[in-house]
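Fold and geometry: a report
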Amino acid sequence: MNTSLRHWREAATLIVAAARCSPSSARSRLLSPLPHASNLDRSSIRIPLASSQLPTTSNQVQHATNQLTTASNQLPHASTDFDYDVLLLKRSGKSGFMPNAHVFPGGLADPSDFSSEWMDIYSSFRHLPNFGLRSVRQAADTRPPMFAMNRSDHGSPISGDVAFRICALRETFEESGVLLAVSKLEGKTLLERLQDNENSVPAVKEINNSELNRWRVLVNEDPSNFLRMCREMQLMPNIWALHEWGNWLTPTAGKYRSRFDTAFYICCLEEIPHTLQDQKEIVTFQWSSPRAILASFAASQLWIAPPQFYELSRMCHYTSLHRLHDYAFRRATEGCEQWLPVFTKDKDQRHVSLLPGDRLYSAVSKGEEMEVDSITDPQEDNSLHRLVTTDPYTATLHVTITPKYNHLRPVEARVYDLGRKWKL
């Protein structure tokens, strides 16, 4: 773990999307499964989806993305158009960071996430770079520092690509009770299938639920117990099911006392797992479609932070979980960009959060004082990448830049829902 960060602490979060349909119908549509996931209160399997045979080259992925962006520029008219839901957790009102916010599972990286003891847990994969994770094609000098950093310089043989996935899986288990893991006993078979570019593996062994409940309490007390749990239960956190999605930094300006450098991952499951809040940091949870979450936000029924707003808006391109997974699986090897929002105001005194690529981002990030013109027609300017907020529940995204690394623009649409007008 990088202890030299002056303003940010490293963290990881996981966007968990799960199909509403039954496992049997999901399997008939979604081909062979990836490694399995277990949950706390049932021994039934939670299966990350397999990737179908979509184009894999950078140009092919970009062409598909451009076609989708052109064809899908409106949100679906009903949340039932989605065949999947996304897991949101409501933070406690006593939380020191974003109290009462609805967030994706995630939290701070712990030194144990970088422990050399993971080399033994992943013994079947220790001879492979990053334990067999797919290589990212992004140039090393453009990778976000949290991924590019040589962790051996800080005393760890575990790369950021592995450790932050372990962190995201540990935090998901702590906060929601959902454990994504594969049996260490199946490591050899999994290794053979990964090397053959196959995605299906035998089912993970059934796990005693009371034992998992006990371990969850222990992990909440001390994150290093996650490593102990995996060793004693002969499990490997399923790092292969998590696909790199983004990297957000908490702004240096504003009211935030705590700041985080957060890796965002996405994982798709064939069935919604049984979920439990931890009754400490998390007071409740919900599974809802991306559009339903955004509509609830607009109706002031829940509050989500800008990263959640932005990423859910991206996900609205896909009402099909199968297509979302295929896109996330293929895009992940492109890499991602580090985003640090910077704040200013427009002539109407609305708060404007500028993101990299916006024509004013460089000047404002250097501390130059300027008033942003109010935007009447975003399509007239091809260099916009900003979020404009009128109040905590009214937000407008203006994104006309071409996203890097074959990522999606947020869906741009006007939606009328729950008696309130809002924009994406």
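Residues take numbers from 1 onward in each chain, read along the sequence in its written order. The predicted nature of this model means local features are confined to residues of pLDDT at least 70 and side-chain atom pairs, given and counted, to a pLDDT of 80 or more, with totals for whole chains, interfaces and linings taken over all residues. Each side-chain value is derived from all of the structure's non-hydrogen atoms; neither hydrogens nor water enter the calculation.

Ring pairs are drawn from Phe, Tyr and Trp, using the six-membered ring of Trp, whenever the two centres fall within 6.5 Å, and their geometry is named by plane angle: stacked under 30 degrees, edge-to-face over 60, tilted for the rest. All told, the structure shown has 17 aromatic pairs when counted by the stated rule. Centre to centre, the rings of phenylalanine 114 and phenylalanine 164 are 5.6 Å apart; their planes meet at 85 degrees, and the pair counts as edge-to-face. Taken together, the residues span a long stretch of sequence, with phenylalanine 114 in the loop between strand 5 (106-108) and helix 3 (118-121) and phenylalanine 164 in helix 5 (residues 160-176) at a distance of 50 residues. For the pair formed by phenylalanine 114 and phenylalanine 164, the shared burial category is buried. Taking 5.0 Å as the distance between ring centres and 75 degrees as the angle between the ring planes, the aromatic pair formed by tyrosine 310 and tryptophan 339 counts as edge-to-face. A run of H or I in DSSP becomes a helix once it reaches four residues, and a run of E becomes a strand once it reaches two; helices and strands are each numbered from the N terminus. Whether a residue is buried, partly exposed or exposed follows from its accessible area with a 1.4 Å probe, protein chains only, as a fraction of its type maximum: under 20%, in between, or over 50%, in that order.

With that out of the way, let us pick up the sheet that holds strand 14 (residues 351-354). Strand pairing is defined by DSSP finding a minimum of two bridges between the two strands. The strand order 13-14-15-16 describes an open sheet built from four strands, whose pairing is antiparallel. In this open sheet, the two strands that pair with only one neighbour each are strand 13 (342-345) and strand 16 (394-399). The sheet shows a mean angle of 25 degrees between the axes of neighbouring strands, taken without regard to direction. Note that strand 15 (residues 385-391) and strand 16 share six bridges and pair antiparallel. By the bridge assignment, leucine 387 is partnered in strand 16 with leucine 397. In this description, a line fitted to the C-alpha atoms serves as the axis of each element, helices being fitted only across the stretch in contact, and the angle between N-to-C directions of two axes falls anywhere from 0 to 180 degrees.

Within helix 10 (residues 306-315), nine of the 10 residues are buried, which leaves the element mostly enclosed by the surrounding structure. Pro307, Gln308, Phe309, Tyr310, Glu311, Leu312, Ser313, Arg314 and Met315 are the residues of helix 10 that are buried.

Two numbers describe how helix 7 (residues 209-221) lies on helix 8 (residues 225-232): the axes approach to 8 Å, and their chain directions differ by 155 degrees. Here helix 7 lies roughly antiparallel to helix 8, going by the angle between them. Here helix 7 contributes Leu212, Trp215, Leu218 and Val219 to the contact with helix 8, which in turn contributes Asn225, Phe226, Arg228, Met229 and Glu232. Classification convention: Asp, Glu, Lys, Arg as charged; Ala, Val, Leu, Ile, Met, Phe, Trp, Tyr, Cys, Pro as nonpolar; all other residues, Gly among them, as polar. A class-by-class count of the residues in the contact of helix 7 with helix 8 yields six nonpolar, one polar and two charged. The scheme is simple: roughly parallel for angles under 35 degrees, roughly antiparallel for over 145, roughly perpendicular for 65 to 115, oblique for anything else. In this analysis, two residues are considered to be in contact whenever any of their non-hydrogen atoms come within 4.5 Å of each other.

For the rest of this paragraph, the subject is the pattern of salt bridges. Salt-bridge detection follows one rule: a side-chain nitrogen of Lys or Arg within 4 Å of a carboxyl oxygen of Asp or Glu. Applying the stated criterion across every chain, the model contains 16 salt bridges. The shortest N-O distance in the salt bridge between glutamate 174 and arginine 170 comes to 2.8 Å. Of this pair, glutamate 174 and arginine 170 are both found in helix 5, four residues apart, which corresponds to roughly one turn of the helix. By relative accessible area, arginine 170 is classed as buried at 1%. Of the charged contacts in the structure, one is a salt bridge between aspartate 346 and arginine 350, with a shortest N-O distance of 2.8 Å. The network of salt bridges with shared partners includes Asp113, Arg170, Glu171 and Glu174.

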